[in-house]
Amino acid sequence: MVFSFIKSAERILRCTICQNRGVSIMAIERQNTFGGLIAIDLFLGGAGAGIFLTSFVLSLLNQFESITRIGVMVGPIWVLAGSMILFFDLGNKNALFRILSNPSSWVARGTYFIILFVFFAFLYFLVSLSKTTMLSTVLGGIAGIFSFLTMLYTGMLFSTMKRVPLWNTPILPLLFIFSSLYAAAAFLILIVPFSTAPPLVEIHLLVMIEIVFILVQLLVLGIFLWTGSYGNTTIAESIRLLKEPLFTIGVISLGLFIPLALLIYYKFMGSGIFFPIMAALLLIIGSLFLRYCIIRAGIRLPLYPV
Amino acid sequence: MKYGMVIDLKKCVGCMACTIACKTTNHTRPGIFWNVVKDLEVGKYPSVRRVFLPTLCMHCEKAPCVEVCPTGASHRREDGIVLIDYEKCVGCKACIENCPYGARYFNGDPEGYFGDQLTANEEIGYEQHKVGVVEKCNFCIDRLEQGKEPACVQTCIGRARCFGNLDDSDSEVSKRIKSKHGFQLHKECGTNPSVYYLPE
């Protein structure tokens, strides 16, 4: 009797869900291949590359020398830390030496980019230790190109995955690139108090750069969610998962809008270093959560046409 | 020569005999199914229906798993069979979410069906499976080399499955595809799978 009641209730529930979404409840399957570790790897890889690129470009413009020196050193270290996480996640480390065998794979391409980026970034750091020369600028430029490709790789790796329609979009790499850039600028704001130059001069310009990055990221995120909401039922289900508090509060509110408000307040009312520091911390955490939420919301393509 | 399979959805009764035959032939670990029959409810309310969908590696002509594999462990032979070289597989798992058919499994747990203590059968069977790599159906390549059909085809009680050469227009598989309007899953992915289905 009780069993029969439960079965009937389950049937009604399933039919209701079918009616609402036009898809069978059994067809929806969340991906479980990638989790939090990969999100941390993507964050460290993307943000590390972004820190180097932002620092190098600012140093070319002769801006913030004291903090860009830290940035060009810390960037590759973050990328290496991310690569270590990826290494520990590999199932068969004995075959690691073969990982560059197929250049058509984004995993192999990413490995190439990371190796070349770290190599040229450290060369640049060593050569430019005493003073900036033509050689150091060329080395920095090459490292800058590979740092951009490293940021691109973190998005491309997921955007080529056919089984998860939410990821399988060319907007995802853009989203990860700007997420890396705003996290990078946030890191530079965080280290301003440790720089030797008067902090207030540097922080005003960095705040402006950060505001631009956040606005572009909001635009890209908006396009990502908007195109997703008009996608097939699988993407729509993923977007529904993104409406959870971790994304709406952790990524969008605390991770983007509140830091934006803090930075704008600082820009126009401008006193005290507390606001930009607070905003930078929130942005870095938000950038990590963004990747985690997008990985977590990956719903697999249903096998059978629905 | 291109090996392929046709599965008649009208004839599949969902008995899962093929799943068991695959398990006993290939000795896959718990949670790993090279061949599995999905029990699906499809359609839109109120026209919802139940479908038994036998799934396995589709041995695609343009296999996304081969493209994404960084080490070249996943490869496609001239006869169309997509294989994984366990020695070359680095276990990065990128192929798992690149396969639109969900045919790939990560073999990450060394435990057997009864925990750490493997049975005598498991000890022998698991020797061919390396922990830390990705696995999938290989069309029972050992059986093919002995001139036999894949275990799932031989065991199917409803004769829903048919295996043969897709390049030969006179083969049973080609005839069934042509006469009964065989279709491929996720044709939009452009993978050209070697496994066809006949409509319910």
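Residues numbered from 1 in each chain as written. Chains lettered and ligands numbered in written order. Predicted model: local features only at pLDDT ≥ 70, side-chain atom pairs only at ≥ 80, totals over all residues.

## Looking at the overall build of chain B
So, point 1. A count of helices and strands for chain B gives seven helices and nine strands.
So, point 2. The C-alpha atoms of chain B give a radius of gyration of 17 Å, which matches the 16 Å a tight globule of 200 residues would have.
So, point 3. C-alpha extents for chain B along the principal axes are approximately 50 × 40 × 35 Å.
So, point 4. Residues classed as buried in chain B amount to 44% of the 200 residues present. (Helix = DSSP H or I, 4+ residues; strand = E, 2+ residues; numbered from the N terminus. Rg over C-alpha atoms; globule rule 2.2 N^0.38 Å. Buried ≥ 20, exposed ≤ 12 C-beta atoms within 10 Å, placed from the backbone.)

## Comments concerning the overall build of chain A
So, point 1. Helices and strands together make up the secondary structure of chain A, namely ten helices and zero strands.
So, point 2. Helices and strands appear in chain A in the N-to-C order α-α-α-α-α-α-α-α-α-α.
So, point 3. Long-range contacts, defined here as pairs at least 24 residues apart, represent 73% of the contacts in chain A between residues at least 6 apart. (Contact = placed C-beta atoms within 7 Å.)

## Some remarks on helix α2 (residues 36-60) of chain A
So, point 1. An ideal rise of 1.5 Å per residue puts 36 Å on 25 residues; α2(A) measures up with 36 Å between its terminal C-alpha atoms.
So, point 2. Just downstream of α2(A) lies A:N62, where phi reads positive at about 60°. (Expected span 1.5 Å × (residues − 1).)

## Observations regarding the interface of chain B and chain A
So, point 1. With 40 residues of chain B at the contact, the number on the chain A side is 35 residues.
So, point 2. Ranked by residues supplied to the side of chain B that touches chain A, first place goes to strand β2 (residues 36-44) of chain B with five residues.
So, point 3. The residue makeup of the side of chain B that touches chain A, split by class, is 22 nonpolar, nine polar and nine charged. (Nonpolar A, V, L, I, M, F, W, Y, C, P; charged D, E, K, R; others polar.)

## Regarding the environment of B:Y113
All names here are of chain B.
So, point 1. Relative to the assigned elements, Y113 resides in the loop between β6 (105-107) and α4 (120-125).
So, point 2. As a C-alpha pair, Y113 and G31 span 82 residues in sequence and 9.4 Å in three-dimensional space.
So, point 3. Aside from chain neighbours lying at most four places away, what touches Y113 is P30 and E122.

## Points about the sheet that holds strand β1 (residues 3-8) of chain B
All names here are of chain B.
So, point 1. Strands sit in the order β8-β1-β9 across an open sheet of three strands; the sheet is mixed. Because the sheet does not close on itself, it has two edges, and the strands there are β8 (161-165) and β9 (195-198). Across the sheet, the axes of successive neighbouring strands diverge by a mean angle of 20°, strand direction being ignored.
So, point 2. Note that β1 and β8 share five bridges and pair antiparallel. If you follow I7 over to β8, its bridge partner there is R161. (Pairing = 2+ DSSP bridges. Axes fitted to C-alpha atoms, helices over the stretch in contact; angles between N-to-C directions.)

## Considering unusual backbone geometry
Residues and elements named next belong to chain B.
So, point 1. For the bond from Y45 to P46, the omega torsion is 5°, close enough to zero to count as cis.
So, point 2. Topologically, P46 is positioned in the loop between β2 and β3 (47-55).
So, point 3. In this model, H27 sits at a positive phi of 50°, which is unusual for a non-glycine residue.
So, point 4. Along the polypeptide, H27 turns up in the loop between α1 (17-26) and β2.
So, point 5. A positive phi angle, close to 70°, is found at K93, a residue other than glycine.
So, point 6. The residue K93 is located in the loop between β5 (82-84) and α3 (94-98) in this model.

## What about the packing of α2(A) against helix α3 (residues 65-89) of chain A?
Packed helix pairs are specified by the crossing angle of their axes together with the interaxial distance, meaning the distance between the axes.
Residues and elements named next belong to chain A.
So, point 1. At their nearest, the axes of α2 and α3 sit 7 Å apart, and the two run at 155° to each other. Relative to α3, the element α2 is oriented roughly antiparallel. Where α2 crosses over α3, the two elements pack in a sense that is left-handed. (Parallel < 35°, antiparallel > 145°, perpendicular 65-115°, else oblique. Left-handed = near helix turned anticlockwise from the far one by under 90°.)

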